[in-house]
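Summary of structural features
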Amino acid sequence: MNASPALSATEFTSERLRLRKAHDADRDGLIELQTDPQVRLYLGGPRPRSAVEQRLDAIGTANVTNKPGTFVIADKRTDQLLGTLVLDRRSPDLPGHVTEECGELELTYLLRPSAWGAGLAFEAATAALRAAADELPDQPVLVVTQTANERSLRLAALLGFQRVSTFEAYDAEQTLAAANLHSFKA
Ligand SMILES: CC(C)(COP(=O)(O)OP(=O)(O)OC[C@H]1O[C@@H](n2cnc3c(N)ncnc32)[C@H](O)[C@@H]1OP(=O)(O)O)[C@@H](O)C(=O)NCCC(=O)NCCS
């Protein structure tokens, strides 16, 4: 497919947000994203806090965003962690693709519940997709989300993703939606 696997930027800003790599001070926020029942409702349920803490200890909090295209979403003013955003390649091993080669760009987003309802995920996703559109050739970008996850589907639709199909995975119906990367050029 394309030689540039993901977004090379390690930090960028929007009106209210800074997308950046993780710091040690993000530990509590990262734990909340993995253990909060509301955040994990359509993502396989909350993970046990002890397992999340052990994993962070093993990897090192500041290393959890080492992979290109993986970011903490932080408040630009306070630098507090509000969520995470990942724009990387969807594994060919997973169902839900729009090309034969698979490995398309895929967008995922998680916000702490206290940050929901303010357009922050929309703002973070728009900034990331614009940065990727400026750097990478045009290509499909995917969002895969449980069909029951109305907030996530609303956000995908607002960003301009079109529903492609549905499929079953993890005992639930998933919706596959896609957009052309260059539709996000500023
Ligand atoms: C999916 C998720 C990120 C969506 O968060 P969100 O805050 O609803 O998303 P948006 O950024 O699109 O914000 C939309 C809301 O902000 C409001 N809003 C306020 N100011 C706004 C602005 N400037 N621009 C856009 N929307 C704005 C909208 O009216 C809407 O409110 P509503 O939900 O009360 O209708 C969040 O629900 C979440 O983290 N869920 C758990 C994790 C998950 O399931 N992720 C999906 C995996 S891909």
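Structural data are supplied above this passage.
So, on to the site of the ligand. In the neighbourhood of the ligand, 17 residues make up the surrounding shell, with Tyr109, Leu111, Gly117, Asn149 and Arg151 lying closest. In this structure, an oxygen atom belonging to the ligand sits 2.8 Å away from a main-chain N or O atom of Gly117. The fraction of the free accessible surface of the ligand (950 Å²) that becomes covered by protein chains is 73%. Where the shell around the ligand is concerned, the elements lending two or more residues are β5 (105-111), α3 (120-135) and α4 (150-159). Broken down by element, the shell around the ligand gets its largest block of residues, four residues, from α4. Classifying every residue of the shell around the ligand gives 11 nonpolar, four polar and two charged.

What follows concerns the side chain of Gln146. Of note, Gln146 is situated in strand β6 (residues 140-146). Leave out the neighbours within four places in its chain, and Gln146 touches Tyr42, Leu153, Ala172, Glu173 and Gln174.

The next point concerns the packing of α3 against α4. Relative orientation and spacing of two packed helices are given, respectively, by the angle between their axes and the distance between those axes. Between α3 and α4, the least distance of the axes is 10 Å, while the angle of their chain directions is 45°. In terms of axis orientation, α3 runs oblique to α4. When you trace α3 past α4, the crossing you get is right-handed. Counted together, Ala121, Phe122, Ala125 and Thr126 of α3 and Leu155, Leu158 and Leu159 of α4 form the full contact between these two elements. A breakdown of the residues in the contact of α3 with α4 according to their chemical character gives six nonpolar, one polar and no charged.

Every buried residue of helix α1 (residues 27-35) is listed here: Gly29, Leu30, Ile31, Leu33 and Gln34. Turning to α1, the residues buried within the fold contact α2 (49-59), β4 (81-89) and β5.

All right, on to the packing of aromatic side chains then. All told, the structure shown has two aromatic pairs when counted by the stated rule. Judged by centre distance (5.1 Å) and plane angle (70°), the ring pair of Phe12 and Phe71 falls under edge-to-face. Of this pair, Phe12 sits in strand β1 (residues 12-13) while Phe71 is found in strand β3 (residues 70-75), placing the two residues 59 residues apart along the sequence. For Phe12, a relative accessible area of 13% puts it in the buried group.

This paragraph deals with unusual backbone geometry. Positive phi, close to 60°, is recorded for Cys102, a residue that is not glycine. Within the secondary structure, Cys102 is located in the loop between β4 and β5. For Tyr170, which is not a glycine, the phi torsion comes out positive at approximately 50°. In this fold, Tyr170 is placed in the loop between β7 (162-169) and β8 (172-180).

Our focus in this paragraph is the pattern of salt bridges. Taken as a whole and judged by the stated rule, the model has nine salt bridges. Glu32 is the salt-bridge partner of Arg112, the closest N and O atoms lying 2.9 Å from each other. In this pair, Arg112 sits in the loop between β5 and α3 while Glu32 sits in helix α1, placing the two residues 80 residues apart along the sequence. For Arg112, a relative accessible area of 13% gives the class buried. A salt bridge links Glu106 to Arg90, with the nearest nitrogen and oxygen atoms 3.0 Å apart. Residue Glu106 is located in strand β5, and its partner Arg90 is located in the loop between β4 and β5; the two are separated by 16 residues in the primary sequence. The burial state of Glu106 is the same as that of Arg90; both residues are buried. By sharing partners, the salt bridges in this structure join Arg20, Asp26 and Asp79 into a single network.

The rules behind each value
- All chains use their own residue numbering, which begins from 1 and follows the written sequence.
- In keeping with the predicted nature of the model, local features appear solely for residues at pLDDT of at least 70, side-chain atom pairs appear and are counted solely at 80 or more, and the whole-chain, interface and lining totals rest on all residues.
- By convention in this description, side-chain values take in all heavy atoms of the structure and omit both hydrogens and water.
- Nearness is defined per residue: one heavy atom within 4 Å of the molecule or strand is enough.
- Under this definition, polar contacts are N or O atom pairs within 3.5 Å; protein pairs additionally need one hydrogen-donor-capable and one acceptor-capable atom, and for neighbouring residues in sequence, both atoms have to be side-chain atoms.
- Every accessible area reported is derived by Shrake-Rupley at a probe size of 1.4 Å, with residue values counting cover from the shown protein chains alone.
- Helix and strand definitions here come from DSSP, where helices need a minimum of 4 consecutive H or I residues and strands a minimum of 2 consecutive E residues; each element is numbered from the N-terminal end.
- Residues were grouped as follows: Ala, Val, Leu, Ile, Met, Phe, Trp, Tyr, Cys and Pro as nonpolar; Asp, Glu, Lys and Arg as charged; and all remaining residues, including Gly, as polar.
- Contacts between residues were defined by any pair of non-hydrogen atoms, one from each residue, lying within 4.5 Å.
- Orientation is described by axes fitted as lines to C-alpha atoms, over the contacting stretch for helices, and by angles from 0 to 180 degrees between their N-to-C directions.
- Angle categories are assigned with fixed cut-offs, so that under 35 degrees is roughly parallel, over 145 is roughly antiparallel, 65 to 115 is roughly perpendicular, and the rest are oblique.
- The crossing is said to be left-handed when, going from far helix to near helix, the turn is anticlockwise and less than a right angle, and right-handed when the turn is clockwise.
- Burial classification: accessible surface area is computed with a 1.4 Å probe over protein chains only, and a residue below 20% of its type maximum counts as buried, one above 50% as exposed, and the rest as partly exposed.
- Any two of the Phe, Tyr and Trp rings considered here, Trp counted by its six-membered ring, make a pair once their centres fall within 6.5 Å; the pair's planes then place it as stacked at under 30 degrees, edge-to-face at over 60, or tilted in between.
- When a carboxyl oxygen of Asp or Glu is within 4 Å of a side-chain nitrogen of Lys or Arg, the pair counts as a salt bridge.

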